[in-house]
Amino acid sequence: WFLLLSPDPYPLDALGGSYCSEYTDPRRISFEHEQFLIIDDSGIEPKDHGFDGLQFIEGDCPTEMGSDLSPPEIMNRFLATNPEQECEHIYSQLDIFTGYFEQIREASVEFDSASFYLGHRPIFGIACNDTKLLSMDWTLQCALACSTFDEISALFSGHMH
């Protein structure tokens, strides 16, 4: 993010650079007929380590639609136990990303051609943790407004390390 996409100059005073910022404003990269709207959401601290804390083992997760398919468990950070999270910090991140998504919405409405969203965390992703389906990413889902992605052609994200 900081080397390739951030609008701020990247310091080269140490191998690999020496700074990192917890939050950066959304970035717009525009071309003649499309634009990419980018959020660095890597600073979010999901419930119980989120995607990074899942046990990707052979389990009994559903493999096809059927009557035994239950909705994914919502990863509500207020219910986190490993580790517990401070309410003030959760609300702070919700406020920050609600503001970022408003900037994304405004940028997509202002642009006459295709807009694409790029982020680190899969907003609408669902993962299997042994026998349970889990909904990712709670913070981003809560920060979204109903119209955030109305003018967005596609969302791109990934989170495999």
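Residues numbered from 1 in each chain as written. Predicted model: local features only at pLDDT ≥ 70, side-chain atom pairs only at ≥ 80, totals over all residues. Heavy atoms only, no water.

Some points on the pairing of strand S5 (residues 126-129)
Every second residue of S5 is oriented toward a common face, the buried set being Ala127 and Asn129 and the non-buried set Ile126 and Cys128. Of the strand pairs in this sheet, S5 and strand S6 (residues 132-135) are connected by four bridges, and their pairing is antiparallel. When the sheet's bridge partners are listed, isoleucine 126 is paired in S6 with serine 135. Linking S5 to S6, which pair antiparallel, is a turn of two residues; within it aspartate 130 sits at a positive phi near 65°. (Buried < 20%, exposed > 50% of the residue type's maximum accessible area, 1.4 Å probe, protein only. Helix = DSSP H or I, 4+ residues; strand = E, 2+ residues; numbered from the N terminus. Pairing = 2+ DSSP bridges.)

What about the pattern of salt bridges?
Within this structure, the stated rule accounts for five salt bridges. As a salt-bridge pair, arginine 28 and glutamate 110 come within 3.0 Å of each other at their nearest N and O atoms. With arginine 28 in strand S1 (residues 27-30) and glutamate 110 in helix H1 (residues 87-110), this pair connects stretches of sequence that are 82 residues apart. For arginine 28, a relative accessible area of 35% corresponds to the partly exposed category. (Salt bridge = Lys/Arg side-chain N within 4 Å of Asp/Glu carboxyl O.)

Spatial relationships are all this shows, so hold off on functional conclusions.
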